[in-house]
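Residue strings, one per chain:
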Amino acid sequence: MMCEVCGLREADHLLVEVVGVEKHKKHVCQNCAFRLAVAVPEEKPLEMVSYPASEKREEQSGRPPERMDLTCPRCGRSYIDVKKTFLLGCAECYYTFVENIPRLIEKFHGAAHLRYRGAPYTHDPKRRALMEERTRLLAALEEAVAEEQFEKAAKIRDRIRQIEKELGWTSSTS
Amino acid sequence: MDLIHFLKEHTPRWLEGNGQYPEMVVSTRCRLARNLEVFPFPHMLDEKQRDEVWETVMDVVQGIPHMQEPRVFQVLELSELERAFLVERRLASVDLVRSMTRGTGGVVSSDETVSLMINEEDHLRLQVILPGFQLDEAWATLSELDRDMGSKVEYAYSGDFGFLTTHPSNLGLALRCSVLLHLPGIVLSRKLEAFARLLADRQLLLRGFYGEWSRALGNMFQVSSRRTLGVTEEDMLDEFRLAVIQILNMEKEAREELQKEHKTALEDKIYRSLAILKSARMITFQEASLHLSFLRLGVGLGLLLDLPVQVLNEMLMFGQPAHLQILYDHSMDSEERDVLRARYFRTKLTSLHLT
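Residues numbered from 1 in each chain as written. Chains lettered and ligands numbered in written order. Predicted model: local features only at pLDDT ≥ 70, side-chain atom pairs only at ≥ 80, totals over all residues. Heavy atoms only, no water.

A. Molecular detail of the overall build of chain A. The helix and strand tally for chain A stands at six helices and three strands. Starting at the N terminus, the α and β elements of chain A follow one another as β-β-α-β-α-α-α-α-α. For chain A, with 174 residues in total, the buried portion stands at 43%. In chain A, 47% of the contacts between residues at least 6 apart in sequence involve partners at least 24 apart. Looking at chain A as shown, the accessible area adds up to about 9,700 Å², and 54% of this sits on carbon and sulfur atoms. (Helix = DSSP H or I, 4+ residues; strand = E, 2+ residues; numbered from the N terminus. Buried < 20%, exposed > 50% of the residue type's maximum accessible area, 1.4 Å probe, protein only. Contact = heavy atoms within 4.5 Å. Areas by Shrake-Rupley, 256 points an atom, 1.4 Å probe, with all protein chains shown as cover.)

In C-alpha coordinates form, the structure reads like this:
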(Lines give C-alpha, C1' and ligand atoms only; values in the text may rest on other atoms or scores of the structure.)
Protein backbone atom coordinates (compact mmCIF):
# COMPACT_ATOMS: atom_id res chain seq x y z
CA MET A 1 0.00 0.00 0.00
CA MET A 2 1.25 3.49 -0.81
CA CYS A 3 1.39 6.31 1.74
CA GLU A 4 -2.00 7.98 2.09
CA VAL A 5 -0.40 11.38 2.63
CA CYS A 6 2.35 11.75 0.01
CA GLY A 7 1.45 8.80 -2.23
CA LEU A 8 5.14 8.49 -3.11
CA ARG A 9 6.51 5.85 -0.80
CA GLU A 10 5.38 2.51 0.55
CA ALA A 11 3.27 2.88 3.72
CA ASP A 12 4.99 1.29 6.70
CA HIS A 13 3.47 3.20 9.60
CA LEU A 14 0.01 3.42 11.00
CA LEU A 15 -1.04 6.78 12.38
CA VAL A 16 -3.99 6.87 14.73
CA GLU A 17 -5.57 10.17 15.59
CA VAL A 18 -7.64 10.27 18.73
CA VAL A 19 -10.42 12.84 18.75
CA GLY A 20 -12.50 12.65 21.93
CA VAL A 21 -13.51 9.01 21.88
CA GLU A 22 -13.03 8.49 18.12
CA LYS A 23 -10.03 7.01 16.31
CA HIS A 24 -9.02 7.86 12.75
CA LYS A 25 -6.46 5.60 11.09
CA LYS A 26 -4.11 6.42 8.24
CA HIS A 27 -1.40 4.32 6.57
CA VAL A 28 1.65 6.44 5.86
CA CYS A 29 5.36 6.19 5.05
CA GLN A 30 8.04 6.79 7.67
CA ASN A 31 8.78 10.28 6.39
CA CYS A 32 5.20 11.46 6.61
CA ALA A 33 4.64 9.62 9.90
CA PHE A 34 7.44 11.46 11.56
CA ARG A 35 6.69 14.76 9.91
CA LEU A 36 3.07 14.59 11.11
CA ALA A 37 3.97 13.34 14.56
CA VAL A 38 6.30 16.21 15.28
CA ALA A 39 5.08 18.97 12.99
CA VAL A 40 3.40 22.10 14.27
CA PRO A 41 0.76 20.40 16.34
CA GLU A 42 -2.90 20.59 15.48
CA GLU A 43 -5.36 20.11 18.28
CA LYS A 44 -5.52 16.42 17.56
CA PRO A 45 -3.86 13.67 19.50
CA LEU A 46 -2.07 11.05 17.54
CA GLU A 47 -0.52 7.68 17.91
CA MET A 48 2.17 6.37 15.60
CA VAL A 49 2.86 2.68 15.24
CA SER A 50 5.46 1.42 12.81
CA TYR A 51 5.01 -2.12 11.53
CA PRO A 52 7.73 -4.62 12.37
CA ALA A 53 10.17 -4.86 9.47
CA SER A 54 9.05 -8.37 8.53
CA GLU A 55 5.54 -7.25 7.73
CA LYS A 56 6.90 -5.65 4.60
CA ARG A 57 8.71 -8.66 3.22
CA GLU A 58 6.38 -11.45 2.20
CA GLU A 59 6.86 -15.11 2.40
CA GLN A 60 9.72 -17.42 1.75
CA SER A 61 9.78 -21.05 0.69
CA GLY A 62 10.32 -24.36 2.48
CA ARG A 63 7.47 -24.26 4.90
CA PRO A 64 4.21 -26.22 5.06
CA PRO A 65 1.37 -24.58 3.15
CA GLU A 66 -1.05 -22.43 5.10
CA ARG A 67 -4.11 -24.48 6.19
CA MET A 68 -7.12 -22.38 5.27
CA ASP A 69 -9.74 -25.06 6.04
CA LEU A 70 -9.46 -25.07 9.84
CA THR A 71 -12.17 -24.06 12.31
CA CYS A 72 -11.74 -23.99 16.06
CA PRO A 73 -13.90 -26.71 17.66
CA ARG A 74 -14.24 -24.73 20.89
CA CYS A 75 -15.23 -21.22 19.82
CA GLY A 76 -16.20 -21.82 16.18
CA ARG A 77 -13.78 -19.27 14.74
CA SER A 78 -12.46 -20.12 11.26
CA TYR A 79 -8.87 -19.52 10.22
CA ILE A 80 -10.20 -17.37 7.38
CA ASP A 81 -11.67 -15.01 10.00
CA VAL A 82 -8.35 -14.95 11.80
CA LYS A 83 -6.58 -14.04 8.54
CA LYS A 84 -9.04 -11.21 7.93
CA THR A 85 -8.99 -9.62 11.37
CA PHE A 86 -5.86 -11.00 13.07
CA LEU A 87 -8.01 -11.73 16.10
CA LEU A 88 -8.04 -15.24 17.50
CA GLY A 89 -11.22 -16.52 19.14
CA CYS A 90 -10.04 -18.35 22.25
CA ALA A 91 -7.04 -20.11 23.80
CA GLU A 92 -7.89 -23.27 21.88
CA CYS A 93 -7.45 -21.44 18.55
CA TYR A 94 -3.70 -21.43 19.18
CA TYR A 95 -3.77 -25.26 19.25
CA THR A 96 -6.25 -25.64 16.39
CA PHE A 97 -4.28 -23.39 14.05
CA VAL A 98 -0.91 -24.47 15.39
CA GLU A 99 0.57 -25.11 11.90
CA ASN A 100 -0.28 -21.56 10.85
CA ILE A 101 0.76 -19.77 14.05
CA PRO A 102 4.44 -19.37 12.96
CA ARG A 103 3.18 -17.25 10.04
CA LEU A 104 1.39 -14.93 12.45
CA ILE A 105 4.47 -14.83 14.64
CA GLU A 106 6.61 -13.89 11.67
CA LYS A 107 4.19 -11.16 10.68
CA PHE A 108 3.98 -9.55 14.11
CA HIS A 109 7.25 -10.49 15.80
CA GLY A 110 9.70 -10.54 12.92
CA ALA A 111 10.75 -14.22 12.79
CA ALA A 112 8.67 -17.41 12.60
CA HIS A 113 10.84 -19.43 14.97
CA LEU A 114 10.38 -17.18 18.02
CA ARG A 115 8.87 -18.89 21.06
CA TYR A 116 8.08 -17.96 24.66
CA ARG A 117 11.11 -17.55 26.91
CA GLY A 118 9.55 -15.95 29.96
CA ALA A 119 8.94 -17.45 33.38
CA PRO A 120 6.79 -20.60 33.19
CA TYR A 121 3.24 -20.30 34.48
CA THR A 122 1.17 -23.05 36.05
CA HIS A 123 -2.10 -22.33 37.71
CA ASP A 124 -3.05 -25.88 38.53
CA PRO A 125 -1.06 -28.94 37.38
CA LYS A 126 -4.20 -31.11 37.32
CA ARG A 127 -5.98 -28.79 34.93
CA ARG A 128 -2.87 -28.50 32.81
CA ALA A 129 -2.72 -32.33 32.55
CA LEU A 130 -6.39 -32.44 31.52
CA MET A 131 -5.80 -29.86 28.81
CA GLU A 132 -2.82 -31.72 27.49
CA GLU A 133 -4.78 -34.97 27.43
CA ARG A 134 -7.53 -33.20 25.53
CA THR A 135 -5.07 -31.91 22.93
CA ARG A 136 -3.75 -35.45 22.40
CA LEU A 137 -7.29 -36.82 22.13
CA LEU A 138 -8.23 -34.26 19.49
CA ALA A 139 -5.40 -35.55 17.30
CA ALA A 140 -6.44 -39.15 17.98
CA LEU A 141 -10.01 -38.27 17.09
CA GLU A 142 -8.98 -36.86 13.74
CA GLU A 143 -6.97 -39.98 13.05
CA ALA A 144 -9.81 -42.32 14.02
CA VAL A 145 -12.24 -40.48 11.77
CA ALA A 146 -9.74 -40.60 8.89
CA GLU A 147 -9.43 -44.36 9.36
CA GLU A 148 -13.23 -44.66 9.59
CA GLN A 149 -13.03 -46.24 13.06
CA PHE A 150 -16.24 -44.59 14.13
CA GLU A 151 -16.80 -46.54 17.31
CA LYS A 152 -13.39 -45.58 18.58
CA ALA A 153 -13.99 -41.99 17.47
CA ALA A 154 -17.24 -41.84 19.43
CA LYS A 155 -15.47 -43.02 22.59
CA ILE A 156 -12.74 -40.43 22.17
CA ARG A 157 -15.32 -37.72 21.61
CA ASP A 158 -17.13 -38.68 24.82
CA ARG A 159 -13.90 -38.44 26.78
CA ILE A 160 -13.15 -35.03 25.24
CA ARG A 161 -16.62 -33.77 26.25
CA GLN A 162 -16.10 -35.11 29.75
CA ILE A 163 -12.76 -33.32 30.05
CA GLU A 164 -14.25 -30.07 28.78
CA LYS A 165 -16.97 -30.36 31.39
CA GLU A 166 -14.37 -30.93 34.10
CA LEU A 167 -12.46 -27.90 32.88
CA GLY A 168 -15.62 -25.82 33.10
CA TRP A 169 -15.12 -24.36 29.62
CA THR A 170 -17.92 -22.27 28.30
CA SER A 171 -18.05 -22.64 24.58
CA SER A 172 -20.20 -20.94 21.97
CA THR A 173 -20.50 -24.25 20.11
CA SER A 174 -21.75 -26.36 23.00
CA MET B 1 -20.47 9.02 39.19
CA ASP B 2 -18.57 8.37 42.43
CA LEU B 3 -15.32 7.36 40.77
CA ILE B 4 -15.19 10.47 38.60
CA HIS B 5 -15.90 12.66 41.61
CA PHE B 6 -13.09 10.95 43.50
CA LEU B 7 -10.59 11.31 40.63
CA LYS B 8 -11.41 14.99 40.19
CA GLU B 9 -10.40 15.66 43.79
CA HIS B 10 -7.08 13.80 43.61
CA THR B 11 -3.75 13.92 41.84
CA PRO B 12 -2.65 10.44 40.74
CA ARG B 13 0.57 9.29 42.34
CA TRP B 14 2.24 9.06 38.92
CA LEU B 15 1.94 12.84 38.50
CA GLU B 16 3.70 13.62 41.79
CA GLY B 17 6.88 14.46 39.91
CA ASN B 18 9.33 12.28 41.82
CA GLY B 19 11.31 9.18 40.79
CA GLN B 20 14.34 9.37 38.51
CA TYR B 21 14.59 12.34 36.06
CA PRO B 22 10.99 13.47 36.76
CA GLU B 23 11.32 16.52 34.53
CA MET B 24 12.40 14.46 31.49
CA VAL B 25 10.53 11.24 32.26
CA VAL B 26 6.99 12.14 33.33
CA SER B 27 5.99 8.56 34.03
CA THR B 28 6.89 4.90 33.54
CA ARG B 29 4.21 2.38 32.70
CA CYS B 30 4.18 -1.41 32.41
CA ARG B 31 1.17 -3.38 31.25
CA LEU B 32 0.29 -7.05 30.78
CA ALA B 33 -2.41 -8.61 28.62
CA ARG B 34 -4.07 -11.69 30.13
CA ASN B 35 -7.01 -13.89 29.20
CA LEU B 36 -9.02 -16.30 31.30
CA GLU B 37 -8.65 -19.90 30.15
CA VAL B 38 -12.33 -20.80 30.55
CA PHE B 39 -13.82 -18.12 28.32
CA PRO B 40 -13.47 -17.37 24.59
CA PHE B 41 -11.76 -14.00 23.98
CA PRO B 42 -13.91 -10.85 24.53
CA HIS B 43 -14.89 -10.20 20.90
CA MET B 44 -16.44 -13.72 20.76
CA LEU B 45 -18.57 -13.35 23.89
CA ASP B 46 -22.29 -12.74 24.20
CA GLU B 47 -23.64 -10.41 26.90
CA LYS B 48 -24.17 -13.16 29.43
CA GLN B 49 -20.59 -14.39 29.06
CA ARG B 50 -19.21 -10.84 29.28
CA ASP B 51 -21.04 -10.48 32.59
CA GLU B 52 -19.53 -13.77 33.73
CA VAL B 53 -16.02 -12.55 32.92
CA TRP B 54 -16.79 -9.33 34.81
CA GLU B 55 -18.06 -11.25 37.86
CA THR B 56 -15.03 -13.57 37.79
CA VAL B 57 -12.62 -10.63 37.76
CA MET B 58 -14.54 -8.85 40.55
CA ASP B 59 -14.22 -11.97 42.72
CA VAL B 60 -10.52 -12.26 41.97
CA VAL B 61 -9.75 -8.61 42.72
CA GLN B 62 -11.10 -8.94 46.27
CA GLY B 63 -8.21 -9.28 48.67
CA ILE B 64 -5.40 -8.61 46.17
CA PRO B 65 -2.80 -6.62 48.17
CA HIS B 66 -2.06 -4.17 45.34
CA MET B 67 -5.76 -3.49 44.91
CA GLN B 68 -6.63 -1.88 48.24
CA GLU B 69 -9.88 0.10 48.13
CA PRO B 70 -10.45 -0.68 44.48
CA ARG B 71 -12.76 1.67 42.59
CA VAL B 72 -14.77 0.25 39.74
CA PHE B 73 -16.29 1.72 36.58
CA GLN B 74 -18.49 0.25 33.86
CA VAL B 75 -18.39 1.99 30.48
CA LEU B 76 -22.18 1.71 30.06
CA GLU B 77 -22.75 3.82 33.18
CA LEU B 78 -20.59 6.75 32.01
CA SER B 79 -21.46 9.86 30.04
CA GLU B 80 -19.42 10.69 26.94
CA LEU B 81 -17.58 13.40 28.90
CA GLU B 82 -16.73 10.97 31.69
CA ARG B 83 -15.44 8.46 29.16
CA ALA B 84 -13.17 11.08 27.56
CA PHE B 85 -12.02 12.01 31.08
CA LEU B 86 -10.91 8.43 31.83
CA VAL B 87 -9.02 8.26 28.52
CA GLU B 88 -7.21 11.53 29.34
CA ARG B 89 -6.44 10.12 32.75
CA ARG B 90 -4.94 6.99 31.14
CA LEU B 91 -7.27 4.69 33.04
CA ALA B 92 -9.13 3.59 29.93
CA SER B 93 -8.18 3.15 26.29
CA VAL B 94 -10.20 4.61 23.45
CA ASP B 95 -11.10 1.05 22.42
CA LEU B 96 -12.40 0.30 25.90
CA VAL B 97 -14.68 3.33 26.20
CA ARG B 98 -16.00 2.88 22.66
CA SER B 99 -17.17 -0.61 23.48
CA MET B 100 -20.71 0.08 24.67
CA THR B 101 -21.35 -3.45 25.88
CA ARG B 102 -22.05 -5.06 29.20
CA GLY B 103 -19.17 -6.19 31.38
CA THR B 104 -16.77 -3.62 29.94
CA GLY B 105 -14.89 -1.36 32.32
CA GLY B 106 -12.09 -1.19 34.80
CA VAL B 107 -10.80 -1.19 38.34
CA VAL B 108 -8.50 1.48 39.80
CA SER B 109 -6.48 1.47 43.02
CA SER B 110 -7.00 4.56 45.20
CA ASP B 111 -3.67 6.21 44.24
CA GLU B 112 -4.15 5.20 40.55
CA THR B 113 -0.83 3.33 40.48
CA VAL B 114 -2.50 0.02 39.66
CA SER B 115 -5.43 -0.39 37.32
CA LEU B 116 -7.19 -3.04 35.26
CA MET B 117 -9.22 -2.89 32.09
CA ILE B 118 -11.80 -5.64 31.73
CA ASN B 119 -13.09 -7.01 28.41
CA GLU B 120 -11.08 -4.69 26.23
CA GLU B 121 -9.24 -6.58 23.44
CA ASP B 122 -8.27 -9.17 26.05
CA HIS B 123 -10.19 -10.15 29.18
CA LEU B 124 -7.64 -8.33 31.32
CA ARG B 125 -5.15 -5.57 30.89
CA LEU B 126 -3.12 -5.00 34.05
CA GLN B 127 -1.33 -1.67 34.32
CA VAL B 128 1.09 -0.02 36.74
CA ILE B 129 2.12 3.65 36.33
CA LEU B 130 4.75 5.37 38.48
CA PRO B 131 6.23 8.88 38.33
CA GLY B 132 9.66 9.46 36.77
CA PHE B 133 11.84 6.66 35.42
CA GLN B 134 11.03 3.69 37.67
CA LEU B 135 11.08 0.66 35.40
CA ASP B 136 12.13 -1.95 37.98
CA GLU B 137 9.67 -0.67 40.56
CA ALA B 138 6.80 -0.66 38.06
CA TRP B 139 7.63 -4.17 36.88
CA ALA B 140 8.00 -5.48 40.45
CA THR B 141 4.52 -4.25 41.37
CA LEU B 142 3.00 -5.49 38.12
CA SER B 143 4.50 -8.97 38.39
CA GLU B 144 3.26 -9.30 41.99
CA LEU B 145 -0.21 -8.28 40.92
CA ASP B 146 -0.03 -10.74 38.03
CA ARG B 147 1.16 -13.57 40.28
CA ASP B 148 -1.63 -12.93 42.79
CA MET B 149 -4.32 -12.83 40.12
CA GLY B 150 -2.90 -15.75 38.15
CA SER B 151 -2.98 -18.00 41.20
CA LYS B 152 -6.66 -17.25 41.80
CA VAL B 153 -7.83 -17.68 38.23
CA GLU B 154 -6.34 -19.68 35.37
CA TYR B 155 -4.85 -17.67 32.52
CA ALA B 156 -4.79 -18.81 28.90
CA TYR B 157 -1.20 -19.97 28.47
CA SER B 158 0.88 -22.44 26.47
CA GLY B 159 4.46 -23.50 27.06
CA ASP B 160 5.39 -22.69 23.45
CA PHE B 161 3.67 -19.37 22.93
CA GLY B 162 3.37 -18.06 26.47
CA PHE B 163 0.34 -15.99 27.39
CA LEU B 164 -2.31 -16.35 24.71
CA THR B 165 -3.75 -13.06 23.53
CA THR B 166 -6.54 -12.07 21.18
CA HIS B 167 -4.13 -10.30 18.82
CA PRO B 168 -0.93 -12.21 17.97
CA SER B 169 1.21 -9.07 18.34
CA ASN B 170 0.91 -9.33 22.15
CA LEU B 171 1.60 -13.07 22.29
CA GLY B 172 4.37 -14.26 24.61
CA LEU B 173 5.23 -12.17 27.65
CA ALA B 174 2.29 -9.98 26.63
CA LEU B 175 4.20 -7.20 28.39
CA ARG B 176 4.71 -3.68 27.17
CA CYS B 177 6.73 -1.00 28.92
CA SER B 178 6.50 2.67 28.09
CA VAL B 179 7.78 6.02 29.25
CA LEU B 180 6.30 9.47 28.68
CA LEU B 181 9.27 11.66 27.76
CA HIS B 182 9.69 15.43 27.67
CA LEU B 183 12.24 16.15 24.93
CA PRO B 184 12.40 19.89 24.17
CA GLY B 185 16.18 19.76 23.59
CA ILE B 186 15.84 17.23 20.78
CA VAL B 187 12.96 19.17 19.21
CA LEU B 188 14.57 22.65 19.48
CA SER B 189 17.94 21.54 18.15
CA ARG B 190 16.26 19.65 15.28
CA LYS B 191 17.63 16.24 16.19
CA LEU B 192 14.36 14.47 15.52
CA GLU B 193 15.74 12.42 12.66
CA ALA B 194 18.49 10.98 14.84
CA PHE B 195 15.84 10.32 17.48
CA ALA B 196 13.66 8.51 14.93
CA ARG B 197 16.61 6.39 13.79
CA LEU B 198 17.41 5.43 17.37
CA LEU B 199 13.80 4.34 17.92
CA ALA B 200 13.86 2.21 14.78
CA ASP B 201 17.24 0.62 15.66
CA ARG B 202 16.03 -0.26 19.14
CA GLN B 203 12.70 -1.62 17.87
CA LEU B 204 10.73 0.89 19.88
CA LEU B 205 7.30 2.33 19.18
CA LEU B 206 6.46 6.00 19.30
CA ARG B 207 2.99 6.89 20.45
CA GLY B 208 1.18 10.01 21.42
CA PHE B 209 -0.21 10.66 24.81
CA TYR B 210 -3.96 10.00 24.83
CA GLY B 211 -6.12 12.96 25.44
CA GLU B 212 -5.51 16.09 23.51
CA TRP B 213 -1.79 16.24 23.85
CA SER B 214 -0.40 13.75 21.46
CA ARG B 215 1.15 14.71 18.15
CA ALA B 216 4.17 15.70 20.20
CA LEU B 217 2.09 18.35 21.94
CA GLY B 218 4.28 20.14 24.44
CA ASN B 219 7.35 18.19 23.25
CA MET B 220 5.96 15.05 24.92
CA PHE B 221 6.63 11.65 23.38
CA GLN B 222 5.52 8.25 24.53
CA VAL B 223 8.06 5.57 23.71
CA SER B 224 7.17 1.93 24.25
CA SER B 225 8.77 -1.48 23.95
CA ARG B 226 7.74 -3.98 21.32
CA ARG B 227 9.54 -7.31 21.91
CA THR B 228 7.48 -9.87 23.75
CA LEU B 229 8.37 -13.24 22.15
CA GLY B 230 11.76 -14.98 22.17
CA VAL B 231 13.02 -12.87 25.05
CA THR B 232 13.01 -13.18 28.86
CA GLU B 233 11.40 -10.55 31.07
CA GLU B 234 14.81 -9.43 32.37
CA ASP B 235 16.39 -9.07 28.93
CA MET B 236 13.43 -7.18 27.62
CA LEU B 237 13.51 -4.76 30.56
CA ASP B 238 17.29 -4.30 30.24
CA GLU B 239 17.03 -3.51 26.53
CA PHE B 240 14.28 -1.02 27.17
CA ARG B 241 16.13 0.65 30.03
CA LEU B 242 19.29 1.06 27.93
CA ALA B 243 17.33 2.52 25.04
CA VAL B 244 15.61 5.06 27.30
CA ILE B 245 18.94 6.07 28.85
CA GLN B 246 20.33 6.57 25.36
CA ILE B 247 17.42 8.87 24.51
CA LEU B 248 17.90 10.80 27.77
CA ASN B 249 21.59 11.26 27.02
CA MET B 250 20.73 12.58 23.58
CA GLU B 251 18.32 15.04 25.21
CA LYS B 252 20.90 16.16 27.80
CA GLU B 253 23.53 16.76 25.11
CA ALA B 254 21.06 18.77 23.06
CA ARG B 255 20.21 20.92 26.09
CA GLU B 256 23.87 21.54 26.89
CA GLU B 257 24.48 22.69 23.33
CA LEU B 258 21.47 24.99 23.43
CA GLN B 259 22.59 26.47 26.72
CA LYS B 260 26.09 27.03 25.42
CA GLU B 261 25.05 28.69 22.19
CA HIS B 262 21.70 30.34 22.94
CA LYS B 263 21.65 30.84 26.69
CA THR B 264 19.87 34.18 26.82
CA ALA B 265 17.43 33.33 24.04
CA LEU B 266 16.49 30.16 25.89
CA GLU B 267 15.98 31.98 29.21
CA ASP B 268 13.95 34.61 27.42
CA LYS B 269 11.59 31.94 26.06
CA ILE B 270 11.22 30.33 29.46
CA TYR B 271 10.36 33.58 31.26
CA ARG B 272 8.04 34.69 28.45
CA SER B 273 6.15 31.42 28.81
CA LEU B 274 5.86 32.02 32.55
CA ALA B 275 4.52 35.52 31.91
CA ILE B 276 1.96 34.29 29.39
CA LEU B 277 0.63 31.52 31.61
CA LYS B 278 0.42 33.97 34.55
CA SER B 279 -1.45 36.60 32.55
CA ALA B 280 -3.39 35.11 29.64
CA ARG B 281 -7.18 35.48 29.73
CA MET B 282 -7.78 32.78 27.10
CA ILE B 283 -5.52 29.95 26.07
CA THR B 284 -5.90 26.82 23.93
CA PHE B 285 -4.54 23.55 25.21
CA GLN B 286 -2.11 23.45 22.31
CA GLU B 287 -0.56 26.81 23.17
CA ALA B 288 -0.56 26.05 26.88
CA SER B 289 1.24 22.76 26.39
CA LEU B 290 4.08 24.55 24.61
CA HIS B 291 4.50 27.10 27.42
CA LEU B 292 4.29 24.35 30.03
CA SER B 293 7.11 22.61 28.16
CA PHE B 294 9.29 25.74 28.47
CA LEU B 295 8.54 25.98 32.20
CA ARG B 296 9.45 22.32 32.56
CA LEU B 297 12.67 22.96 30.68
CA GLY B 298 13.31 25.91 33.02
CA VAL B 299 13.03 23.54 36.00
CA GLY B 300 15.40 21.12 34.25
CA LEU B 301 17.96 23.87 33.66
CA GLY B 302 17.80 24.96 37.28
CA LEU B 303 16.08 28.30 36.60
CA LEU B 304 12.61 27.90 38.11
CA LEU B 305 13.55 26.18 41.33
CA ASP B 306 10.35 27.12 43.19
CA LEU B 307 8.16 25.45 40.60
CA PRO B 308 7.40 21.82 41.53
CA VAL B 309 7.18 19.36 38.64
CA GLN B 310 3.95 18.09 40.21
CA VAL B 311 2.28 21.46 39.55
CA LEU B 312 3.34 21.30 35.89
CA ASN B 313 1.98 17.76 35.65
CA GLU B 314 -1.32 18.80 37.20
CA MET B 315 -1.66 21.73 34.80
CA LEU B 316 -1.01 19.45 31.84
CA MET B 317 -3.54 16.89 33.11
CA PHE B 318 -6.31 19.27 34.25
CA GLY B 319 -5.81 21.59 31.27
CA GLN B 320 -7.12 18.85 28.96
CA PRO B 321 -10.65 19.44 27.65
CA ALA B 322 -12.53 16.70 29.50
CA HIS B 323 -10.61 17.31 32.73
CA LEU B 324 -11.36 21.02 32.60
CA GLN B 325 -15.07 20.39 32.14
CA ILE B 326 -15.17 17.84 34.96
CA LEU B 327 -13.14 20.19 37.18
CA TYR B 328 -15.59 23.08 36.67
CA ASP B 329 -18.57 20.73 36.74
CA HIS B 330 -20.26 21.59 33.45
CA SER B 331 -19.85 21.02 29.73
CA MET B 332 -18.38 23.94 27.78
CA ASP B 333 -17.71 25.01 24.22
CA SER B 334 -14.08 25.52 23.25
CA GLU B 335 -14.17 29.28 23.85
CA GLU B 336 -15.36 28.88 27.42
CA ARG B 337 -12.76 26.16 27.93
CA ASP B 338 -10.00 28.54 26.82
CA VAL B 339 -11.20 31.16 29.32
CA LEU B 340 -11.41 28.74 32.25
CA ARG B 341 -8.14 27.07 31.32
CA ALA B 342 -6.38 30.44 31.44
CA ARG B 343 -8.00 31.18 34.81
CA TYR B 344 -6.98 27.77 36.18
CA PHE B 345 -3.35 28.30 35.15
CA ARG B 346 -3.25 31.84 36.59
CA THR B 347 -4.57 30.61 39.92
CA LYS B 348 -2.10 27.75 40.04
CA LEU B 349 0.94 29.89 39.20
CA THR B 350 0.18 33.05 41.18
CA SER B 351 -0.18 31.00 44.37
CA LEU B 352 3.45 29.91 43.98
CA HIS B 353 5.11 33.38 44.14
CA LEU B 354 7.66 32.56 41.44
CA THR B 355 10.47 34.96 40.71
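What follows continues from the structure just given.
B. Spatial organisation of the side chain of Arg34(B). Residues and elements named next belong to chain B. By the element assignment, arginine 34 lies in strand S1 (residues 25-34). Within the structure, the side chain of arginine 34 is placed 3.0 Å from the side chain of aspartate 146, a separation counted as a polar contact. Aside from chain neighbours lying at most four places away, what touches arginine 34 is Asp122, His123, Leu124, Asp146, Tyr155, Phe163, Leu173 and Ala174. (Polar contact = N/O pair within 3.5 Å; in protein donor to acceptor, adjacent residues only side chain to side chain.)

C. Structural detail: the environment of Val28(A). All names here are of chain A. By the element assignment, valine 28 lies in strand S2 (residues 22-28). It is 9.8 Å that separates the C-alpha atoms of valine 28 and leucine 8, two residues lying 20 residues apart in sequence. Contact partners of valine 28, with chain neighbours within four places excluded, come to Cys3, Glu4, Val5, Ala11, Asp12, His13, Leu15 and Ala33.

D. Just the packing of aromatic side chains, in detail. Inspection of every chain in the model, using the stated rule, returns 13 aromatic pairs over all chains. Ring plane angle 85° and centroid distance 5.7 Å describe the contact between Tyr116(A) and Tyr157(B), whose orientation is recorded as edge-to-face. Of the two residues, Tyr116(A) is situated in the loop between helix H4 (101-109) and helix H5 (125-146) and Tyr157(B) in strand S6 (residues 157-158); the pairing between them involves two chains. Like Tyr116(A), the residue Tyr157(B) is buried in the burial classification. Measuring from ring centre to ring centre gives 5.4 Å for Phe195(B) and Phe221(B), while their planes differ by 70°; the resulting arrangement is edge-to-face. Taken together, the residues span a long stretch of sequence, with Phe195(B) in helix H7 (residues 192-201) and Phe221(B) in strand S10 (residues 220-224) at a distance of 26 residues. A residue is classified by how much of its surface remains accessible, and Phe195(B), at 0% relative accessible area, is buried. Put simply, the rings of Tyr116(A), Tyr121(A), Tyr155(B), Tyr157(B) and Phe163(B) touch in pairs and so form one group of aromatic residues. Here Arg34(B) stacks its cationic end above the ring of Tyr155(B), 5.5 Å away from the centre of that ring. The positively charged end of Arg34(B) is found above the aromatic ring belonging to Phe163(B), 3.5 Å away from the centroid. (Phe/Tyr/Trp six-rings, centres within 6.5 Å; stacked < 30°, edge-to-face > 60°. Lys NZ or Arg CZ within 6 Å of the ring centre and 35° of its normal.)

E. Molecular detail of the nonpolar core. Residue and element names in this part refer to chain B. Counting 62 residues, the largest nonpolar core has Leu116 and Phe195 as its most contacted members. Of all the elements, helix H8 (residues 233-261) adds the most residues to this core, at eight residues. The next biggest cluster of nonpolar side chains, apart from the first, holds 35 residues, and it includes Trp14, Leu217, Ile270 and Tyr344. (Core = buried A, V, L, I, M, F, W, Y, C linked by side-chain atoms within 4.5 Å.)

F. Focus on the sheet that holds strand S2 (residues 71-74) of chain B. Residue and element names in this part refer to chain B. The eight strands lie next to each other as S2-S3-S4-S5-S1-S8-S10-S9, forming an open sheet whose pairing is antiparallel. At either margin of the open sheet sits one strand with a lone partner, and together these are S2 and strand S9 (205-207). Across the sheet, the mean angle separating the axes of adjacent strands is 20° when strand polarity is ignored. Here strand S8 (residues 175-182) pairs with S10 via five bridges, running antiparallel. The partner of leucine 181 across the bridge, within S10, is phenylalanine 221. The strands touched by helix H2 (residues 47-61) are S2, strand S3 (105-108), strand S4 (114-118) and strand S5 (124-131); relative to S4, the strand with the most contacts, the crossing angle is about 160°. (Pairing = 2+ DSSP bridges. Axes fitted to C-alpha atoms, helices over the stretch in contact; angles between N-to-C directions.)

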